[in-house]
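# Observations on the three-dimensional arrangement
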Amino acid sequence: MSVVECEICPLRCQLNESMPIGICKAIGLINGEISFLNDGVFEYGVHYIEELGFYHFYPGSKAMYLVFPGCNLRCLFCENWKIVMKSIVEIKGFTGTMSPRDLVNLSLSKRVDGLVLSCNSALNGKYISELAKLIKSEELYLALITNGVLNEPYLINLVRSIDGFMIRFFGYSDESYSRISIYPNSYSMAIKFLERVIDFNKHAEASYTLITGINDSTEELSNFFESIKSIDDNIPVHLRRFKPRYIMYDRAPTRNKALVDAFKLAREIGIKYVYIDDFFEATEKNTYCPRDGTQLIKRIGAWIKHSLDPGYKCPKCDKEVPITGKIKDTLDQDLLKFKA
């Protein structure tokens, strides 16, 4: 019985006729070749880009958010576990196939500015490549949220196809990842992914989900922030609250103080643009000029209002803020007056 090794991620599943599906439950053998098993989009919706975690990528735009089945990291607190933990066999009948052209047509009908693929979608490289070619002609952007756990030859092709990336970290040590996922060295893969995105001059942001008692030590957070700074201190860093889900439903959510303490540590280390995503409104959610402290982008929920000069420069000191794409104000001026 011939064995075919999947080379997409470091798990390198050995597949054959008796075991034709990988651990991710998304990749398997079709006619003896490695292939994504289903082009069905299980869930989609239209969101402001800020709701999906991007703050410096086409701010204020609307995006189609897509979730595919399967995942190679299988985190114990996955927010989409009801979808990504299922095999293709288990969801058969609940999702239909949707070609890249069908997906682009759907996006155009919804009048969105681009598409954002969920964390597990990176496994479907062939689909993404075809989608990217179609999107370019329609002047839509394509972004990916990813855990970064992919082998380098595969991820390089992926980086070439996509405009913007959100690389998600769930710790910064083997110990942390071994407690919440199936691959302890994931953080090392994710930081290399981030380096490649910067090497290819693509837009990059990073997020870190704080889990009390697992990955929130000062040492671990400092190592993460220092690594980001060494790559590029302009990379926006998002701090996210752990929320009880899936297997880890009995653990308490991250407290505000822990998020604020991590925020202060990031600023002390020299991260220029650091945010706490899970606050509805707070100074830790806004964008400020790293040179003179001028407020440049106000955020309330998913709505934004900016005061940047042309070229995305600070109106006070002329410092340019790293923003990709056109920025759109979505925050109603009347609401700002009410808040004042």
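A brief report on the enclosed structure follows. As the structure is a computational prediction, the values presented were derived from the model and not from experiment.

## Regarding helix α4 (residues 125-138)
Between its terminal C-alpha atoms α4 stretches 20 Å, which fits the 20 Å expected from 14 residues at 1.5 Å a residue. Taken together, the buried positions of α4 are G125, Y127, I128, L131, A132 and I135. End-on view of α4: buried residues confined to an arc of 140°, all on one side of the axis. Residues of α4 that are exposed and point more than 90 degrees away from the buried face comprise K126, K133 and S137. Residue E139 follows α4 closely and has a positive phi angle near 60°.

## Describing the nonpolar core
In this structure, V116, F169, F225 and L239 are the most contacted members of the largest nonpolar core, which totals 97 residues. If near-sequence neighbours (up to four positions away) are discounted, V116 is found in contact with I49, L52, F54, A63, M64, Y65, L66, Y141, A143 and I145. Counting residues in hydrophobic clusters, the runner-up holds 12 residues, among them Y55, C314, I323 and I327.

## Here's the deal with the environment of Y172
With respect to the helices, strands and loops of the structure, Y172 is situated in the loop between β9 (164-169) and α6 (174-180). For Y172, a relative accessible area of 11% gives the class buried. C-alpha separation for the pair Y172 and K86, spaced 86 residues apart in sequence, amounts to 27 Å. With near-sequence residues (within four places) excluded, Y172 lies in contact with Y177, Y187, I191, Y208, E220, N223, F224 and S227. In terms of polar contacts, Y172 uses its side chain to reach the side chain of S227, at 2.8 Å.

## Some details on the packing of aromatic side chains
This model, assessed by the stated rule, comprises 19 aromatic pairs. Relative to Y127, the ring of F68 lies with its centre 5.5 Å away and its plane at 75°, an arrangement referred to as edge-to-face. Of the two residues, F68 is situated in the loop between β6 (62-67) and α1 (81-84) and Y127 in helix α4; the sequence distance between them amounts to 59 residues. One exposure class covers both F68 and Y127, and it is buried. With a centroid separation of 5.5 Å and an interplanar angle of 55°, the aromatic rings of F224 and F225 are classed as tilted. Across the pair, exposure class does not vary: F224 and F225 are buried alike. Through a chain of ring-to-ring contacts, three or more aromatic side chains come together here, namely F77, F169, F170, Y172, Y177, Y187, Y208, F224, F225 and F242. Residue placement shows R299 over the ring face of Y275; its charged tip is 5.0 Å from the ring centre.

## Considerations on the pattern of salt bridges
Summed over the entire model, instances satisfying the criterion amount to 11 salt bridges. Between R196 and D199 there is a salt bridge; the shortest N-O distance is 3.0 Å. A residue pair is termed a helical-turn pair when its members lie 3 or 4 positions apart in one helix, as R196 and D199 do in helix α7 (residues 186-199) at 3 residues. Residue D199 is classed as exposed on the basis of its relative accessible area of 54%. Because the salt bridges share partners, they merge into one network encompassing E152, R196 and D199.

## Some remarks on the sheet that holds strand β13 (residues 287-288)
Pairing in this open sheet of 3 strands is antiparallel, and the strands run β13-β14-β15 from one edge to the other. Two strands bound the open sheet, and with one partner strand each, they are β13 and β15 (303-306). Bridging between strand β14 (residues 295-300) and β15 involves 4 bridges; their strand directions are antiparallel. Note on β15: the bridge partner recorded for K298 is K305.

## Brief notes about the side chain of R299
Structurally, R299 can be placed in strand β14. Although R299 lies buried, it forms no salt bridge, and the closest oppositely charged side chain, E50, sits 5.1 Å away as judged by the N-O distance. Within the local environment of R299, its side chain forms a polar contact with the side chain of T287, the two groups lying 2.9 Å apart. Setting aside anything within four residues of it in sequence, one finds R299 in contact with E50, Y55, Y275, F280, E281, K285, N286, T287 and I304.

What counts and what doesn't
Residues numbered from 1 in each chain as written. Predicted model: local features only at pLDDT ≥ 70, side-chain atom pairs only at ≥ 80, totals over all residues. Heavy atoms only, no water. Helix = DSSP H or I, 4+ residues; strand = E, 2+ residues; numbered from the N terminus. Expected span 1.5 Å × (residues − 1). Buried < 20%, exposed > 50% of the residue type's maximum accessible area, 1.4 Å probe, protein only. Arc of directions from axis to C-beta. Core = buried A, V, L, I, M, F, W, Y, C linked by side-chain atoms within 4.5 Å. Contact = heavy atoms within 4.5 Å. Polar contact = N/O pair within 3.5 Å; in protein donor to acceptor, adjacent residues only side chain to side chain. Phe/Tyr/Trp six-rings, centres within 6.5 Å; stacked < 30°, edge-to-face > 60°. Lys NZ or Arg CZ within 6 Å of the ring centre and 35° of its normal. Salt bridge = Lys/Arg side-chain N within 4 Å of Asp/Glu carboxyl O. Pairing = 2+ DSSP bridges. Lys, Arg positive; Asp, Glu negative; His and termini not counted.

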